[in-house]
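Descriptive analysis of the structure
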Amino acid sequence: MNISEYMGYELIEKIKAEEFTVTEITELIFQQINQTEDKVHSFVHLEEKKAFKRAKELDSKFKKGMDLGRLYGVPIAIKDLICVKNSPTTCCSEILKGYRPPYHATVSKKLLEQENGICIGRTNMDEFAMGSSTENSCYGPTYNPWDLDRVPGGSSGGSGACIAAGQSLFALGSDTGGSIRCPASYCGVVGLKPTYGRVSRYGLIAYANSLDVIGPITQCVKDAALLLELIAGYDHLDSTTVEQKIDKYTEYLDTPIQGKTIGIPKEFFGEGIDQEVKRKVQSSFKELEQMGVEITEISLPHLKYSIPTYYIIAMSEASSNLARFDGLRYGKMVKISDKDIFEAFSHTRGEKFGEEVRRRIILGTYSLSAGYYNMFYIKALKVRSLIRQDFQKAFETCDLIVSPTMPTTAFKIGELVDDPLQMYLMDVLTCPVNLAGLPALSIPCGFDNDDLPIGFQIIGNYFDEKEILNIGYKLEQKLDIYHKMPSLAKGGGN
Ligand code: GLN
């Protein structure tokens, strides 16, 4: 049996029906990892021993008729910036090497303790989630399972690649400006960025805390809906979570979509969007129309300011959040012979942070400094409000907004590493959603001429995840490409 042919929810059913034990599923998953990992490098730390120990425990509980939650021992891969108790959690940064949190993030607690998912390992990412290619990792890059010369997207590239390569059924990522949706798009899988405040950030190591959200990366929409159902909700440990009803996302998926109105922002189809991407996304609009959905053109006039606004806010927040990594509070000091604490901090931070992280701390500190604060940071906050208002106005005339997820398909490894500005521009279609705090889903909608996956983005109103999952599910079923896997996942070469 090739485990990568099954969806997560199907495996759960098989364990429930006693067709497979949890241990057997765990064996199959590690077999798949062993066959593919040296080519893909999705993981920075594998938890094989612990996973088998847990699988055996769950099998014996199951035999005794005990409740196994809703995940029944299925494997979950967790991005390297979400705390898992006693498991290395390093944000793929030299500065956090050796760190093992003494506590679970709320999402880890829910999935691993309450619902009995099994954490199989920590996935690769851009250092502190800064990047769109997973090349900024201190452990080296992850390779796209569809074409090993290309990036898997970022920053949750390891989570995207492990799902595409069939190395896990469920994965968690985080999305500050597109880091769940970008790898989902480049790896041909499903990625869901929930509304800001929908999922607890407790135990998520912060990059830019007013934008960061944890969400699922899976092979199909139903699995993403299931995972969201399990991680959503108010948490007294995160004051930004909201006490809002959690819908039964999995039950709402098949609701008829006739009569829904979808807005297409004209600004999302401008310069820099690849022709092939445009064509495939537009043909999905036709599919939706055939299913009775109404399409209307909308305008988001301040969208053109999203990239500078996002980068000023993200870097400013990062410069403050990353101040704790100084070798004293977090991280190891590099030289104890330094003459004072300031020299020690600067040696440690200078040596242990990578180039991109240092660049962002410097720029963020600059934009928050006394003489420039009003000109950059405050200005960016004002523009952020205008972008949010644009979306709110648009939602008066449509139920959902759709667009490509990324302007291009996956680029080559090394192609943009020396051109950070070009890399920042890749976020043009995803980061406005974070600035507004809205939920968005990326699903695969086709392939380009090089057989690389193209992502389709569905943006919803606040806390309306059920609507984006519903449309996403219907479109996924209609397009029927979600079973397509890279040949590497099927045991072939690539
Ligand atoms: N590419 C964006 C950045 O570098 C988004 C990253 C993210 O969502 N974590 O900031």
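From a predicted model like this one, the values you see are computed outputs, not experimental measurements.

1. Quick notes on the side chain of D175
Note on placement: D175 falls in strand β4 (residues 170-175). Relative accessible area serves as the criterion here: at 0%, D175 is assigned to the buried category. A distance of 3.1 Å separates the side chain of D175 from the backbone nitrogen of I180, its partner in a polar contact. Setting aside residues no more than four positions away along its own chain, D175 makes contact with I180, R181, K193, L211, D212, V213 and N434.

2. What about the sheet that holds strand β7 (residues 261-265)?
The eleven strands lie next to each other as β1-β3-β2-β4-β6-β5-β10-β11-β9-β7-β8, forming an open sheet whose pairing is mixed. Only two strands of the sheet have a single partner each, and these edge strands are β1 (43-46) and β8 (294-298). With direction set aside, neighbouring strand axes in the sheet form an average angle of 30°. Across three bridges, the pairing between strand β5 (residues 190-193) and strand β10 (residues 440-447) is antiparallel. Across the sheet, G191 pairs through a bridge with S442, a residue of β10. Docked against the sheet, helix α9 (residues 275-290) engages β7, β8, β9 (400-404), β10 and β11 (453-459), running at close to 50° with respect to β11.

3. As for the packing of aromatic side chains
Scanning the entire structure with this criterion turns up 17 aromatic pairs. Geometrically, the ring pair formed by Y103 and Y202 is tilted, given 5.5 Å between the ring centres and 45° between the ring planes. Pair noted here: Y103 is in the loop between β2 (75-79) and α4 (106-114) and Y202 is in the loop between β5 and β6 (213-218), with a separation of 99 residues, a long-range link. Judged by its relative accessible area of 30%, Y103 is partly exposed. Taken together through their ring pairs, the aromatic side chains of Y99, F128, F325, Y330 and F353 make up a single cluster.

4. Re the site of the ligand
Close contacts around the ligand come from 15 residues, with T176, G177, S179, Y207 and Y310 the closest. Between a nitrogen atom of the ligand and a main-chain N or O atom of A129, the distance comes to 2.9 Å. Here a nitrogen atom of the ligand sits 2.7 Å away from a polar atom, N or O, in the side chain of S179. For the ligand, whose free accessible area comes to 290 Å², the fraction covered by protein is 100%. Class assignment of the residues belonging to the shell around the ligand gives a composition of five nonpolar, seven polar and three charged.

5. Here's the deal with the packing of α9 against helix α16 (residues 465-479)
It is at 10 Å that the axes of α9 and α16 come closest, and there the two elements cross at 105°. If you check the angle between α9 and α16, you find them roughly perpendicular. Across the interface between the two elements, S284, E287, L288 and Q290 of α9 pack against I471, L475, K478 and L479 of α16.

6. As for the environment of V242
With respect to the secondary-structure elements, V242 resides in the loop between α7 (221-231) and α8 (249-252). On the basis of relative accessibility, which here comes to 30%, the residue V242 falls in the partly exposed class. For the pair V242 and S155, spaced 87 residues apart in sequence, the C-alpha separation works out to 26 Å. With sequence-adjacent residues up to four places away left out, V242 is seen in contact with G197, Y234 and F463.

7. Looking at the environment of S179
On the secondary structure map, S179 appears in the loop between β4 and α6 (181-187). Sequence separation between S179 and K109 is 70 residues, and the spatial gap between their C-alpha atoms is 22 Å. In this structure, S179 is in contact with K79, A129, G131, G154, S155, S156 and S174, ignoring residues within four places of it in sequence.

8. Details of the environment of I205
By secondary structure assignment, the location of I205 is in the loop between β5 and β6. Look at I205 and you get buried, because its relative accessible area is 13%. For the pair I205 and T89, spaced 116 residues apart in the sequence, the C-alpha separation amounts to 9.1 Å. Setting aside chain neighbours within four positions, we find I205 in contact with L81, C83, T89, C91, L96, F128 and F325.

9. Observations regarding the state of the cysteines
For the structure shown, the criterion picks out zero disulfides. Cysteine C162 is unpaired, with the sulfur of C187 as its nearest cysteine sulfur at 9.0 Å. Of all cysteine sulfurs, the one in C445 lies closest to C398, which takes part in no disulfide; the gap is 19 Å. Judged by relative accessible area, which is 5%, C398 ranks as buried.

10. Comments concerning the pattern of salt bridges
Following the criterion strictly, the structure yields 23 salt bridges and no others. The partner of D451 in a salt bridge is K484, and the shortest N-O contact between them spans 3.4 Å. You can see D451 sitting in the loop between β10 and β11 and its partner K484 sitting in the segment after α16, a full 33 residues away along the chain. Classification of D451 by relative accessible area gives partly exposed; the value is 39%. Where D464 meets K466, a salt bridge forms, and the shortest distance between an N and an O atom there is 3.7 Å. Each of K260, D464, K466 and E467 takes part in a single network of salt bridges with overlapping partners.

Cut-offs and rules
- Residues numbered from 1 in each chain as written.
- Predicted model: local features only at pLDDT ≥ 70, side-chain atom pairs only at ≥ 80, totals over all residues.
- Heavy atoms only, no water.
- Helix = DSSP H or I, 4+ residues; strand = E, 2+ residues; numbered from the N terminus.
- Buried < 20%, exposed > 50% of the residue type's maximum accessible area, 1.4 Å probe, protein only.
- Polar contact = N/O pair within 3.5 Å; in protein donor to acceptor, adjacent residues only side chain to side chain.
- Contact = heavy atoms within 4.5 Å.
- Pairing = 2+ DSSP bridges.
- Axes fitted to C-alpha atoms, helices over the stretch in contact; angles between N-to-C directions.
- Phe/Tyr/Trp six-rings, centres within 6.5 Å; stacked < 30°, edge-to-face > 60°.
- Near = heavy atom within 4 Å.
- Areas by Shrake-Rupley, 256 points an atom, 1.4 Å probe, with all protein chains shown as cover.
- Nonpolar A, V, L, I, M, F, W, Y, C, P; charged D, E, K, R; others polar.
- Parallel < 35°, antiparallel > 145°, perpendicular 65-115°, else oblique.
- Disulfide = S-S within 2.5 Å.
- Salt bridge = Lys/Arg side-chain N within 4 Å of Asp/Glu carboxyl O.

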